[in-house]
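One-letter residues, chain by chain:
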Amino acid sequence: MGWKGTLRSMQAAARRAEREAQRQQRQLQREHARIHKMRELELAAHEVALYENRVALLQSTHKECGDKWDWDGLAVLAPPEELSVSHTNENRARSILATCTPTFLDKLLRRVETQRSRLAEELEEAIRQDQSDYEHALRLFKDAKGRLGGNERPCV
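Notes on the structure follow. (Residues numbered from 1 in each chain as written. Predicted model: local features only at pLDDT ≥ 70, side-chain atom pairs only at ≥ 80, totals over all residues. Heavy atoms only, no water.)

1. Comments concerning the overall build of the protein chain
- A tally of helices and strands in the protein chain yields five helices and zero strands.
- The helix and strand sequence of the protein chain, counted from the amino end, reads α-α-α-α-α.
- If one aligns the C-alpha atoms of the protein chain with their principal axes, the spans along those axes are about 120 × 70 × 20 Å.
- In the protein chain, buried positions account for 9% of the 156 residues.
- Accessible area for the protein chain stands at about 14,100 Å²; split by element, carbon and sulfur atoms hold 57% of it. (Helix = DSSP H or I, 4+ residues; strand = E, 2+ residues; numbered from the N terminus. Buried < 20%, exposed > 50% of the residue type's maximum accessible area, 1.4 Å probe, protein only. Areas by Shrake-Rupley, 256 points an atom, 1.4 Å probe, with all protein chains shown as cover.)

Okay, here's the thing in structure tokens:
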């Protein structure tokens, strides 16, 4: 075989290799598309399962019952007692004021009266805070009592 024959056989081999690479590429693209389609189908199936589960939960909500209430027993109970003012902040501030002992440096720099007046202001603020907490709790109590309407029973 001459040089032309060798050249032709080399070109034919190159074309065969190129056709084989193109065939393999098309096959890989088809496989990729198939895998992608399977993933989409799996995802759609999963979303359908989630949706059906949600619908089943919503349809079965009325079947879930809590404990039974003894409304007649609750009706004869005495109403809760009215709230009273808690003096926790005031007591804490009073104990701090009572146990405050000025140091030598405070006496030397004449900060005793300033310190005592600051503690007295904190005591007044604690009293106001206790009163505010009481009023807030009382408002919540009256709102809750008003929602129940006295001895009325809520519908079940």
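Right, picking up where we left off after that structure.
2. Comments concerning helix 3 (residues 88-99)
- Counted at 1.5 Å a residue, the expected span for helix 3 with its 12 residues is 16 Å, and the 17 Å between its end C-alpha atoms agrees.
- Those residues of helix 3 lying buried are N89, E90 and A93. Around the axis of helix 3, the buried residues are gathered within 95° of arc, so they sit on the same side. Those residues of helix 3 that are exposed and angled more than 90 degrees off the buried face are A98 and T99. (Expected span 1.5 Å × (residues − 1). Arc of directions from axis to C-beta.)

3. Remarks on a nonpolar patch on the surface
- On the surface, a nonpolar cluster with roughly 450 Å² of combined accessible area is contributed by F104, L105, L108 and L109.
- You can see L109 is positioned in the loop between helix 4 (104-108) and helix 5 (112-148). (Patch = residues over 30% accessible without salt bridge, like charges linked within 9 Å, V, L, I, M, F, W, Y side chains within 5 Å. Salt bridge = Lys/Arg side-chain N within 4 Å of Asp/Glu carboxyl O.)

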